[in-house]
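# Notes for the structure review
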Amino acid sequence: MSDLGTKRIAMAGSAANPITKGHRIFAEYLTHCGKFDRVFWLTSGSRRDKPSLIPAEDRVQMTELAFNKAWRKSQPTEFVVDTREAYRESIPTIRLLEEFKLEYPDAEITFATGVDVLVPREEYEGGCEVSHRWVEGESLMKNWTFAVLPREGYPHPKKLQKEGKIPEHFIIIDRPLSLLGDISSTEIRSRIASGKPFDNLVDHQVAEYICAHRLYQRA
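Keep in mind it's a predicted model, so treat the numbers as computed, not measured.

## A word on the sheet that holds strand S4 (residues 108-114)
Taken together, the six strands give an open sheet; going across it, the order is S3-S2-S1-S4-S5-S6, and neighbouring strands pair in parallel fashion. Looking at strand neighbours, the two that pair on one side only are strand S3 (78-82) and strand S6 (171-172), the edges of this open sheet. Here strand S2 (residues 38-43) pairs with S3 via five bridges, running parallel. The partner of Phe-40 across the bridge, within S3, is Val-80.

## Quick notes on empty space enclosed by the protein
Summed over the entire model, instances satisfying the criterion amount to one cavity of 30 Å³ or more. Estimates place the volume of the largest cavity at around 30 Å³. Ile-19, Thr-20, Lys-21, Arg-24, Ala-66, Asp-203 and Val-206 together form the lining of the largest cavity. Looking at the lining of the largest cavity, its residues break down into three nonpolar, one polar and three charged.

## Remarks on the pairing of S4
Buried residues dominate S4, accounting for six of its seven residues. In the sheet, strand S1 (residues 8-14) pairs with S4 via four bridges, with the strands oriented parallel. Across the sheet, residue Ile-9 finds its bridge partner in S4, namely Ile-109. Strand direction decides the pairing type here: S4 and strand S5 (residues 145-149), joined by five bridges, are parallel. Its bridge partner being in S5, Thr-113 is matched across the sheet by Val-148.

How each quantity is defined
Residues numbered from 1 in each chain as written. Predicted model: local features only at pLDDT ≥ 70, side-chain atom pairs only at ≥ 80, totals over all residues. Heavy atoms only, no water. Pairing = 2+ DSSP bridges. Helix = DSSP H or I, 4+ residues; strand = E, 2+ residues; numbered from the N terminus. 1 Å grid on protein atoms, 1.4 Å probe; cavity = no way out; pocket = protein on both sides within 12 Å on 5 of 7 lines; lining within 4 Å. Points joined across faces, edges and corners; volume = space filled by probe spheres on them. Nonpolar A, V, L, I, M, F, W, Y, C, P; charged D, E, K, R; others polar. Buried < 20%, exposed > 50% of the residue type's maximum accessible area, 1.4 Å probe, protein only.

Encoded structure:
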């Protein structure tokens, strides 16, 4: 389905296992940067590299709670929680981009990610994770646009772009790193399993849902 009123689309997402405050701050940078007309947030489907994912129903519900109607209404850019991936096996990023392009043929489609997947690494012979490990990674780098956000502990994407290690057509979304840090879903699951506090790392409604449904607790 084509939407002629939407010319600039950003896609982002997470496994939401669970969704964290960091994910919402990431989304807010996309909605506030002024570069997009609509932001889609996708909850990933089943993945062979993530065998411990809880059921899609729980991950989708937590995503809806984190990005609730009041939050979406407060954003300057339209924000859509898209569940197409959640209830199926995840498909490669390039296939997902192609799906969106078929639905919005007149729009510029951008995939948003952290800089960590674009940093050159010795194990990839100077390439990055996207080009070396992602399906049709070289095509992704050459023919599609990424919106790249900085991450703690990694070179700034502006520096990498200046050095020619990130393509010039990629969009750099700057942000003060001290406002976010890196909140790990893995750390949150570990805290819950150990009975440690985790409420400050997720939205309060998400924390209530986790407790009510006894998610991530040891048997």
